[in-house]
Amino acid sequence: MTSLAPVLAPSVEPLRLGGVVVDPPVLQAPMAGYTNYAYRQVVREFGGAGLLATEMIAARSAAWLETERGEHPDRLWGVRDEPRPLAVQMWDNDPDNLARVGRRLARDFQVSVVDLNFGCPVRQVTDKAHSGSWLLRDPARVAAIVRRVVEACGDTPVTAKIRLGCAETCQTGVEVAQRVEEAGAACLTVHGRVASQYFKGRADWEAIGQIKRSVSQMPVVGNGDITSAETAVARLRETGVDGVMIAREALAKPWIFSQVAAILRGEAAPPDPSLDEQRELVLHHYDLVCRRFGIERGTMLMRKFACAYAQGIAGARAFRSAVSRTLSREEFLAVVADRFPRDPR
Ligand SMILES: Cc1cc2nc3c(=O)[nH]c(=O)nc-3n(C[C@H](O)[C@H](O)[C@H](O)COP(=O)(O)O)c2cc1C
């Protein structure tokens, strides 16, 4: 008997973060303001992401830890009860604060992975709080933070996310990676830009590959400008990274992970949902958001997700402008029904 050869021979190993198996090694990126429980639930329903991540939480203003449930009102929405594996990301520059919150996340919330943000380029976090990507100028401090948090989190793997450096003139990625490995991190994710670029220019996958080659055991996940399932697979195969992480494209296409996973299994990628199915998805996502935040806040919050879903679709501009003005459930439903692009019949 002959068996049909798969479309592409599967050659990609799962990613192992301590005892946590990330299979496939395709990760949903943390995105502040976006990757809340409702969004993660949508990603989870399509399947294919090996690890999901929350938005980043600030360890320094963790007064919520002292409340009865010890739960951040918004940013830990769902975390206690939702399926694993799940990573929670936090930021600060104080090893003790981060260790305190990390221990709590590991012990009380039983999260799968505690992730440390050393990549955020936003001034509120860098210039004002000397955290996020600001810390890339101080590899010793990054290492001290990782070491403290690793000690505090016990068996729960601790990972870090960086950019290539703070600026073109401060490309510390290799040194940071080596120190992060020595300090006991289970994995490092690298966004292939320096912080001063924000999102300008192209992600430098050559530099990501160089960081991968500079460490000995620690897995490295590459991130930046993955705009299709095929690109994700090509990056995985060609750059030597142990996993890939997708952010912005997965806001427009939360089903992209299922497409990557299919290709990695040697199958054809499932097609994008039809526009009618995408319209249903917007309404499903809206319901998840409103269940938590109520109609008024839910409608405001959902506008940006609806805009993201319409990205790249003909008629998106008119839809965006209309949906961005909706205030009530009726208005939101009407705009989605009337203006979200329809499949041509
Ligand atoms: C709206 C938005 C919010 C983000 N928030 C975070 C965050 O909270 N933590 C983090 O590590 N990265 C954050 N990022 C960066 C992404 O995780 C990712 O590194 C970056 O967008 C590059 O990947 P992409 O080209 O696939 O979008 C954010 C990006 C965007 C667009």
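Look above for the structure.
Below is a summary of the structure that appears in this document.

1. Topic: unusual backbone geometry
Here is step 1 of the chain: Here the residue pair Asp 23 and Pro 24 is connected by a cis peptide bond, since its omega of 0 degrees sits within 30 degrees of zero.
Here is step 2 of the chain: With respect to the helices and strands, the residue Pro 24 is situated in the loop between strand 2 (20-22) and strand 3 (26-28).
Here is step 3 of the chain: Across the junction of Arg 84 and Pro 85, the peptide omega takes the value 5 degrees, indicating a cis bond.
Here is step 4 of the chain: Within the secondary structure, Pro 85 is located in the loop between strand 4 (52-58) and strand 5 (86-91).
Here is step 5 of the chain: Within the chain, His 130 stands out as a residue other than glycine whose phi angle is a positive 45 degrees.

2. Quick word on the site of the ligand
Here is step 1 of the chain: Near the ligand, the surroundings consist of 17 residues, among which Ala 32, Gln 89, Asn 223, Asp 225 and Arg 248 are the closest.
Here is step 2 of the chain: One nitrogen or oxygen atom from the main chain of Pro 30 is found 2.9 Å from an oxygen atom belonging to the ligand.
Here is step 3 of the chain: In the complex, the protein chains occlude 87% of the 610 Å² of accessible area that the ligand would expose alone.
Here is step 4 of the chain: The pocket occupied by the ligand, as judged from atoms lying within 2 Å of grid points, is the largest pocket.

3. Comments concerning the nonpolar core
Here is step 1 of the chain: Among the nonpolar cores identified, the biggest contains 114 residues, and Leu 105 and Phe 118 are the most heavily contacted of them.
Here is step 2 of the chain: Phe 118 has contacts with Gly 132, Ser 133, Leu 135, Leu 136, Val 142, Ile 145, Val 146, Ala 160, Lys 161, Ile 162 and Arg 163, leaving out every residue within four places of it along the chain.

4. Notes on empty space enclosed by the protein
Here is step 1 of the chain: Scanning the entire structure with this criterion turns up one cavity of 30 Å³ or more.
Here is step 2 of the chain: One number sums up the size of the largest cavity: a volume of about 120 Å³.
Here is step 3 of the chain: If you trace the largest cavity, you find 15 residues lining it, with Leu 27, Leu 51, Asp 115, Thr 159 and Met 245 closest to the centre.
Here is step 4 of the chain: When contributions to the lining of the largest cavity are tallied by element, the ones reaching two or more residues are strand 3, strand 5, strand 6 (113-118), strand 7 (158-165) and strand 8 (187-194).

5. A word on the state of the cysteines
In a disulfide, the sulfur atoms of two cysteines are held together by a covalent bond.
Here is step 1 of the chain: Counted under the stated rule, the structure contains zero disulfides.
Here is step 2 of the chain: With no disulfide partner, Cys 170 has as its closest neighbouring cysteine sulfur the one in Cys 166, 3.2 Å distant.
Here is step 3 of the chain: Given the relative accessible area of 16%, Cys 170 is considered buried.
Here is step 4 of the chain: Cys 307 provides the cysteine sulfur closest to Cys 290, a residue in no disulfide bond, and the two sulfurs are 15 Å apart.
Here is step 5 of the chain: Assessed through its relative accessible area of 10%, Cys 290 is described here as buried.

6. Side note on the pairing of strand 9 (residues 220-223)
Here is step 1 of the chain: Going residue by residue along strand 9, you find Val 220 and Gly 222 tucked away on one face and Val 221 and Asn 223 tucked away on the opposite face as well.
Here is step 2 of the chain: Here strand 8 runs beside strand 9; their pairing, made up of four bridges, is parallel. Among the inter-strand pairings, Val 190 is bridged to a residue of strand 9, identified as Gly 222.
Here is step 3 of the chain: Handedness of the β-α-β unit built from strand 8, helix 5 (residues 205-214) and strand 9 comes out right-handed.
Here is step 4 of the chain: In this structure, strand 9 lies alongside strand 10 (residues 243-246), joined through three bridges in parallel fashion. Residue pairing across strands places Gly 222 opposite Val 244, the latter belonging to strand 10.
Here is step 5 of the chain: Viewed along the sheet, the connection from strand 9 through helix 6 (residues 229-239) into strand 10 turns out right-handed.

About the thresholds
- Residues numbered from 1 in each chain as written.
- Predicted model: local features only at pLDDT ≥ 70, side-chain atom pairs only at ≥ 80, totals over all residues.
- Heavy atoms only, no water.
- Helix = DSSP H or I, 4+ residues; strand = E, 2+ residues; numbered from the N terminus.
- Near = heavy atom within 4 Å.
- Polar contact = N/O pair within 3.5 Å; in protein donor to acceptor, adjacent residues only side chain to side chain.
- Areas by Shrake-Rupley, 256 points an atom, 1.4 Å probe, with all protein chains shown as cover.
- 1 Å grid on protein atoms, 1.4 Å probe; cavity = no way out; pocket = protein on both sides within 12 Å on 5 of 7 lines; lining within 4 Å.
- Sits in = over half its atoms within 2 Å of the grid points.
- Core = buried A, V, L, I, M, F, W, Y, C linked by side-chain atoms within 4.5 Å.
- Buried < 20%, exposed > 50% of the residue type's maximum accessible area, 1.4 Å probe, protein only.
- Contact = heavy atoms within 4.5 Å.
- Points joined across faces, edges and corners; volume = space filled by probe spheres on them.
- Disulfide = S-S within 2.5 Å.
- Pairing = 2+ DSSP bridges.
- Right-handed = clockwise from strand over helix to strand, strands pointing away.

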